[in-house]
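So you can see what is in the structure, the chains are spelled out below.
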Amino acid sequence: MADIGYVAKRVGREVERLLVQALEQSPTSFGTLQLRCSVESGQHSANSEPLARGEVTFDVGDLLAATDRRTPPSSRLLGDFALPTPADSPFEGALPRSYPTASSVRTLTVSAVSPGRKRKAASSRLQQSTSVRRKTTSHTPDLHDDDGQIVPQRPRALPDNPILQPPSLSKFINGVWESLFSGTKLDPVEVIEQWQAIESSGQPKLIVDSHDQVVSRGTSIADGDFSKMSVLARKISQTSRTCRSLEVVVQCRWMQLFDEQVATLAATSTKEKAKKATIAAACLDFKWSEKELRNKTAIWRGYADIQKTGGWAALVFAGMGLYRFCKYRVAFTEETFEVLRSLRHRFEVAADTMHTNWRQLLTIVNGPTTRRYTGHMHSHVVCGPHDETIDLPITYHQWDKDFSYQHLNESCIDEEAWGNYDPRVIQLEGPFTCEACKEVQSDVPTASSCTCFPALYPPVLAGPSPVQVYRTPNGRNNGLLACLPFEEGAAIGEFVGLITAGVSGKDVMWGETARASYQIWQGRQGNHTRFVNHSCEPNSQFERFVWMGTQRIILVSKGVDAGEEVTVDYTDTYWRNLDKECLCGQPTCRYKDRSRITATAQG
Ligand SMILES: C[S@@+](CC[C@H](N)C(=O)[O-])C[C@H]1O[C@@H](n2cnc3c(N)ncnc32)[C@H](O)[C@@H]1O
């Protein structure tokens, strides 16, 4: 019986080899395709069951994984140290290039059945296979060939729960942008101050300090404890987030130094010996087994790959998915690293301008701590892949050598045009009720229940909009790029600028209430909404909204994807009689070839 199991294994492995070869020549996704081989004895028992049977079951996930293992490490930008042997770490470095569906079950069943035992139904066999797979570690006798060779372990099944699926590149990148635009500041200086602040009683000053902050925002005594705890929880979250970033920075640097150490030793020995010696020395320092070290460093190798391509900001601001992204490595392809390379300077602009102290985290590894980008984030126009940024004024020098732009959080009134009067005001005194949802509006968040545009109002809760000003590649000068997706109906920003009147020959937004008509001019001051270009198939639109009795114009998404340019339709009123050609590039463009159209019409 043991012999027939052995034969089945051998036959199965040969069939596997042929299938893998075929898949390598013509990669295909088969979903849950399964291959079963059985070898049976020719002799049968009284109830006509074979006296011995050996079975092997594979599914396509395993086969693709095997194909992947044959991919040379260099083409995946991995050092071979990052690819643990299957016996050391069956999970890392051994995943299929195209990840099979969640329902796909990976199985490896090598069994010899006794005569007379009923064959299990397919479903129970899958269950059994799973448990066999879970048990298969290097200590399991089943995993050894009769000739003492270790049978290559199959990768563990990936979780069926969809939320535990390996993170994709877009999820990873969204995680970075979410951290960058979140209210959590990565500031090691603050963390150090917090941990140094220990009262003589031994109590962390953190808790005592939070009292002042609670009082300063006018909280009633009734919710004092809750608010105090909120401030404490915020500080702790911020601290732990910063510490997590410190951890990955150090682990990434360790990986880089490991490679340097191997290279140094390899100058006087072979690379294999150099690596072995470096691993042995590290095991001593860490007090870890080689297996533990390999498992950990397989992930750290991922951190180093991300740092090398996306820069330190990509690593420091990576969201919660970083560990799993590096553990599964499903998205570790040349294309991924190309995308990270192209986002490198964009991440840095956001990090340097919104988390001004973040580079101090790199002090711990003697990394570069000098800020590259200062001032307002939108003073830096991000360019195409691999390009650096351009200072905003320079992008207007061809029209105006003295161009400057003042970034505003809210509109200001042109006193020459309006004096102290704000023409947008509809209602002077409260209580204010939202015209759209009929709920109460207040600048005090706890008193406001209007949730029409929570990203903007109440303003005290508004954070920076996840957008960047970018250089368009087709002659429209600058445009606005979404870093994260904006759901349909979500606000991208309020159209903020100089509230004026009587401007002609310039791009202005017209506003109108029952009491007055006014213009909002953004030529020299405003916010990111100034950079929104026209498209004949726009993904956003401007909408009127009244907040606290004052009319606002809001840039609202009609559904914008991450990485997409935000566009609106400037409408016919804008394009009519204008000596410009639309460069939106849409097949349905209404304003291209205008000179030809005009000439034809005139002719
Ligand atoms: C409000 S600004 C938008 C930002 C502008 N691209 C910039 O760099 O400042 C409007 C100007 O952008 C340009 N523009 C916007 N959409 C365009 C389009 N579809 N085709 C050509 N030019 C466009 C026109 O020059 C227009 O006057």
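For the structure itself, look to the data block above.
Worth saying up front: this structure is predicted, and the values here are computed from it rather than measured.

A few points about the overall build of the chain
Counting its secondary structure elements, the chain contains 14 helices and 20 strands. By the burial criterion, 45% of the 603 residues in the chain qualify as buried. For the chain, restricting intrachain contacts to residue pairs at least 6 apart in sequence, the fraction spanning at least 24 positions comes to 68%. Accessible surface, the chain: about 31000 Å² in total, of which carbon and sulfur atoms supply 54%.

Quick word on the sheet that holds strand 14 (residues 508-512)
As summarised here, the arrangement of the four strands in space is 7-13-15-14, forming an open sheet in which the pairing is mixed. The open sheet has two free edges, formed respectively by strand 7 (412-413) and strand 14, since each of these has just one partner strand. Here strand 13 (residues 498-500) pairs with strand 15 (residues 517-521) via three bridges, running antiparallel. Residue pairing for strand 15: isoleucine 499 is matched across the bridge by isoleucine 520.

Some remarks on the nonpolar core
A general tendency of soluble globular proteins is for nonpolar side chains to be buried together. Core analysis: the biggest nonpolar cluster contains 55 residues, and Trp177, Leu180, Ile306 and Phe347 have the highest contact counts within it. Within the residue set of this core, elements represented by two or more residues are helix 4 (169-181), helix 7 (224-266), helix 8 (271-286), helix 9 (290-316), helix 10 (322-328) and helix 11 (334-354). The biggest single contributor to this core is helix 9, with 11 residues. Domain assignment of the residues forming this core places at least three in each of domain 2 (169-374) and domain 3 (402-602). Sequence-distant contacts of phenylalanine 347, defined by excluding residues within four places in its chain, comprise Ile173, Val176, Trp177, Leu180, Gly310, Ala313, Ala314 and Leu340. Among the nonpolar cores identified, the runner-up in size contains 12 residues, and Cys434, Cys450, Ile554 and Val556 belong to it.

Looking at the environment of phenylalanine 453
Within the secondary structure, phenylalanine 453 is located in the loop between strand 9 (440-441) and strand 10 (467-471). Excluding anything up to four places from it in sequence, phenylalanine 453 contacts Gly489, Ala491, Glu543, Phe545, Ile554 and Val556.

Examining the state of the cysteines
Under the defined criterion, the tally for this structure stands at zero disulfides. No disulfide involves cysteine 326; its sulfur sits 9.7 Å from the nearest other cysteine sulfur, which is in cysteine 252. Residue class for cysteine 326 comes out buried when judged on its relative accessible area of 0%.

Here we look at the pairing of strand 15
Across the five residues that make up strand 15, a large majority, four, are buried. Pairing geometry for strand 14 and strand 15, over five bridges, is antiparallel. Residue pairing in the sheet places methionine 509 in a bridge with isoleucine 520 of strand 15. Two successive antiparallel strands, strand 14 and strand 15, enclose a turn made up of four residues.

Notes on the packing of helix 4 against helix 11
Remark: helix 4 packs on helix 11, axes separated minimally by 10 Å, with the N-to-C direction vectors making an angle of 10°. Taken together, helix 4 and helix 11 sit at an angle that is classed as roughly parallel. Of the residues in helix 11, those touching helix 4 at Leu169, Phe172, Ile173, Val176, Trp177, Leu180 and Phe181 are Thr336, Val339, Leu340, Leu343, Arg346, Phe347, Ala350, Ala351 and Met354. The class makeup of the residues in the contact of helix 4 with helix 11 is 14 nonpolar, one polar and one charged.

Structural notes on the pattern of salt bridges
Inspection of every chain in the model, using the stated rule, returns 17 salt bridges. A salt bridge links aspartate 400 to arginine 524; its shortest N-O distance comes to 2.5 Å. Of the two residues, aspartate 400 is situated in the loop between strand 5 (389-391) and strand 6 (406-407) and arginine 524 in the loop between strand 15 and strand 16 (525-526); the sequence distance between them amounts to 124 residues.

Considerations on helix 9
Between the first and last C-alpha of helix 9 there are merely 27 Å, a value that for 27 residues lags more than 12% behind the 39 Å anticipated at 1.5 Å per step. Its maximal kink placed at glycine 310, helix 9 deviates by approximately 130°. Burial analysis of helix 9 places 21 of its 27 residues in the buried class, which makes it a mostly covered element.

Here's the deal with the site of the ligand
The full set close to the ligand counts 18 residues, and Tyr396, Arg476, Asn478, Asn533 and Lys580 are the nearest of them. At 2.9 Å, a side-chain N or O of asparagine 477 approaches an oxygen atom of the ligand. At 2.8 Å, a backbone N or O of leucine 583 approaches a nitrogen atom of the ligand. A total of 560 Å² of accessible area belongs to the ligand in isolation, and the protein chains cover 85% of it. Looking at the shell around the ligand, the elements that each hand over two or more residues are strand 17 (533-534) and helix 13 (571-575). Class assignment for the residues of the shell around the ligand results in nine nonpolar, four polar and five charged.

Side note on the packing of aromatic side chains
Taken as a whole and judged by the stated rule, the model has 25 aromatic pairs. Ring plane angle 25° and centroid distance 4.3 Å describe the contact between tyrosine 396 and phenylalanine 403, whose orientation is recorded as stacked. Look at tyrosine 396 and you get buried, because its relative accessible area is 9%. Its relative accessible area of 6% is what places phenylalanine 403 among the buried residues. Where tyrosine 574 meets tryptophan 575, the ring centres are 5.3 Å apart and the plane angle is 85°; that geometry is what we call edge-to-face. With relative accessibility at 5%, the residue tryptophan 575 sits in the buried group.

Rules of the game
- Residues numbered from 1 in each chain as written.
- Predicted model: local features only at pLDDT ≥ 70, side-chain atom pairs only at ≥ 80, totals over all residues.
- Heavy atoms only, no water.
- Helix = DSSP H or I, 4+ residues; strand = E, 2+ residues; numbered from the N terminus.
- Buried < 20%, exposed > 50% of the residue type's maximum accessible area, 1.4 Å probe, protein only.
- Contact = heavy atoms within 4.5 Å.
- Areas by Shrake-Rupley, 256 points an atom, 1.4 Å probe, with all protein chains shown as cover.
- Pairing = 2+ DSSP bridges.
- Core = buried A, V, L, I, M, F, W, Y, C linked by side-chain atoms within 4.5 Å.
- Domains from an automatic or database assignment.
- Disulfide = S-S within 2.5 Å.
- Axes fitted to C-alpha atoms, helices over the stretch in contact; angles between N-to-C directions.
- Parallel < 35°, antiparallel > 145°, perpendicular 65-115°, else oblique.
- Nonpolar A, V, L, I, M, F, W, Y, C, P; charged D, E, K, R; others polar.
- Salt bridge = Lys/Arg side-chain N within 4 Å of Asp/Glu carboxyl O.
- Expected span 1.5 Å × (residues − 1).
- Bend = angle between axes of the 7 residues up to and from the residue.
- Near = heavy atom within 4 Å.
- Polar contact = N/O pair within 3.5 Å; in protein donor to acceptor, adjacent residues only side chain to side chain.
- Phe/Tyr/Trp six-rings, centres within 6.5 Å; stacked < 30°, edge-to-face > 60°.

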